[in-house]
There are 2 protein chains.
Amino acid sequence: MQSEADFLASYDPRAFPAVAVTVDVVALTIRDGRLCVLLVERGAQPFAGRLALPGGFVRDESPDAAALRELGEETALARVHLEQLKTYGDPGRDPRMRVFSVAYLAFAPSLPDPRAGSDAAAASWIPVEQATDLAFDHDTILADGLDRARAKLEYTPLATAFTGPEFTIAELRAVYAAVWGEDLHAGNFHRKVLSVPGFVESTGETTARGGERGGPRAKLYRAGDARLLHPALLRPAREEGIR
Amino acid sequence: MQSEADFLASYDPRAFPAVAVTVDVVALTIRDGRLCVLLVERGAQPFAGRLALPGGFVRDESPDAAALRELGEETALARVHLEQLKTYGDPGRDPRMRVFSVAYLAFAPSLPDPRAGSDAAAASWIPVEQATDLAFDHDTILADGLDRARAKLEYTPLATAFTGPEFTIAELRAVYAAVWGEDLHAGNFHRKVLSVPGFVESTGETTARGGERGGPRAKLYRAGDARLLHPALLRPAREEGIR
DNA sequence: TTAATAGTGTCTTTCAGACAATATTAT
DNA sequence: ATAATATTGTCTGAAAGACACTATTAA
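Residues numbered from 1 in each chain as written. Chains lettered and ligands numbered in written order. Predicted model: local features only at pLDDT ≥ 70, side-chain atom pairs only at ≥ 80, totals over all residues. Heavy atoms only, no water.

Student: For this particular structure, what's the right way to read the domain arrangement of chain A?
Tutor: Interfaces are often sized by the accessible area lost when the parts come together. Residue and element names in this part refer to chain A. Under the domain assignment, chain A is made up of domain 1 (19–151) and domain 2 (156–242). If you average the C-alpha positions of domain 1 and of domain 2, the two centres end up 27 Å apart. Together domain 1 and domain 2 conceal approximately 1100 Å² of surface at their shared face, both sides included; 66% is due to carbon and sulfur atoms. If you look at where domain 1 meets domain 2, you find zero salt bridges. The set of elements that each furnish at least two residues to the side of domain 1 that touches domain 2 consists of β1 (19–31), β2 (34–41), β5 (81–88) and α3 (138–155). Grouping the amino acids of the side of domain 1 that touches domain 2 by side-chain chemistry returns eight nonpolar, four polar and four charged. (Domains from an automatic or database assignment. Buried area = accessible area lost by both parts, 1.4 Å probe. Salt bridge = Lys/Arg side-chain N within 4 Å of Asp/Glu carboxyl O. Helix = DSSP H or I, 4+ residues; strand = E, 2+ residues; numbered from the N terminus. Nonpolar A, V, L, I, M, F, W, Y, C, P; charged D, E, K, R; others polar.)

In structure tokens form, the structure reads like this:
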């Protein structure tokens, strides 16, 4: 967008082929120990009746603001973490016209059912393994979002974005287990989390009672001030690396 | 982009406010041990005479293809690594109209001076610390690209994208030193690189002669098949983490 | 010969992961 | 009492980083 030809062309914006820019949000939360994604059912063609990521056109606002707005239309957000994921703009990804979608990734604590927005027919939290056959290229976007989320748990304290403001180490471990899809050793996880500077800080309180089926009352923590985890909480298994 | 209202609106693409989508490329290489970025001098308003990242409008092609094309117009590319960085779309980032820019990050081996493209007035490799006061929001894009590049050296074998097809461990170390801006311990780096499975593989050859000021001939390696480094080549210092 | 560099060896500290042990609490 | 769970302890092996050492080569 810096050549002279481009500049001249820009004198008449209508001279450009029509393109639209939207945002789509991969909003993740954990319900009943399962990783869930917020999906809406499309009411109109194309892909009518199919599930899709919530999203919409970017108005006279930043893409970040658009994503936040779209998310707010579907959920009573509050404390959500929101970050840009990737932009999808292959020709033909929307049969109607050229549409570029700036995808976002959101992490939210367990929330009540989303309010049926005025816009979307129906919005609901769906376990990610059941979120298939989505509209447009949203399967790909969701997969990329999950990859990113799984990677970010390793080296950032974002797991705390899935919990309430105060949480136990076991709750934090449940977040990792849900996102990574594998159980973690309770003892090692506990020691590891407490050893990373700034990951969590103690509130001095404990839970009011022990677990459902017994056990001592657990200490409560809140998120610390670290932005990166050092050392990182590495994901297990993986074996000989993903070549 | 899934509501009925949106769908109806899409019947007349011209009903949308005019927006444009461009790509901008943060192309990095190493010359004389210094990390350099490819910049072009703008010939037209706005920001005439200022340096900018190479880029241009996305045509009837994927954003990836557009970035590759723009890069090819400035350099004799070959073996470049190209990945999407982030999308910038704040209102007002281009004074002419609403422009969303999908930024890309490219790593290239040391190249001859870029050919003066038909498009851009002049393109040249500039040491990153001198790349300031760029046009538009390109300072921000460059900074984000550098952050990404520095992080990716840690856990991916992308440093090899900066070298020729065959390289010595010392050359690889020079890449890390240039990108991270700090020297690395030669002995430990050497052992570390060879210990990571799939990072490099030996060619069985050595350099024709030793270093400029003496020293043995070094063994030559080529890039291995690893996509991720396990364990990672962690960046030194950082101290108490970036809180 | 001298200086620079490639590559290897050794030691200490840190950390991950396996496993065990203890304490606390719901049922 | 029993079972489940929180938390801490111990041990082993991997890996990072500091440092030293040897071998090779250009000047």
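After that view of the structure, there is still more to cover.
Student: Which parts of the structure should I look at to understand the protein's contact with DNA strand C?
Tutor: In the vicinity of DNA strand C, 25 residues are found, and the nearest of them are Asn188, Lys192 and Gly215 of chain A together with Pro216 and Lys219 of chain B. Sugar and phosphate atoms constitute 68% of the interface atoms of DNA strand C, taking the interface as everything within 4 Å of the protein. Contacts to DNA strand C include Gly215 of chain B, whose backbone N or O atom sits 3.4 Å from a base nitrogen. Breaking the surface near DNA strand C down by element, the ones donating at least two residues are α5 (186–195) of chain A together with α4 (169–180) and α5 (186–195) of chain B. (Near = heavy atom within 4 Å. Polar contact = N/O pair within 3.5 Å; in protein donor to acceptor, adjacent residues only side chain to side chain.)

Student: Explain unusual backbone geometry to me, please; I cannot follow it from the model alone.
Tutor: Residues and elements named next belong to chain A. In this chain, His230 is followed by Pro231 through a cis amide linkage whose omega measures -5°. Looking at where Pro231 falls in the secondary structure, it is placed in the segment after β9 (219–223). We note that Asp133 has phi near 55°; this positive angle belongs to a residue other than glycine. By the element assignment, Asp133 lies in the loop between β7 (123–127) and α3. On the basis of relative accessibility, which here comes to 55%, the residue Asp133 falls in the exposed class. (Buried < 20%, exposed > 50% of the residue type's maximum accessible area, 1.4 Å probe, protein only.)

Student: What is the right way to look at the packing of aromatic side chains in this model?
Tutor: When we look at a pair of aromatic rings, we describe it by the centre distance and by the angle of the planes. What the rule picks out here adds up to eight aromatic pairs over all chains. Pairing Tyr176 of chain A with Trp180 of chain A gives two aromatic rings, centres 5.0 Å apart and planes at 70°, and the pair type is edge-to-face. Of this pair, Tyr176 of chain A and Trp180 of chain A both sit in helix α4 (residues 169–180), separated by four residues, roughly a single helical turn. Taking the relative accessible area as the measure of exposure, Tyr176 of chain A reaches 0% and is therefore buried. On the basis of relative accessibility, which here comes to 7%, the residue Trp180 of chain A falls in the buried class. On the basis of an interplanar angle of 55° and a centroid distance of 4.8 Å, the ring pair of Phe47 of chain B and Phe136 of chain B is categorised as tilted. In this pair, Phe47 of chain B sits in the loop between β2 (34–41) and β3 (51–52) while Phe136 of chain B sits in the loop between β7 (123–127) and α3 (138–155), placing the two residues 89 residues apart along the sequence. For Phe47 of chain B, a relative accessible area of 25% gives the class partly exposed. (Phe/Tyr/Trp six-rings, centres within 6.5 Å; stacked < 30°, edge-to-face > 60°.)

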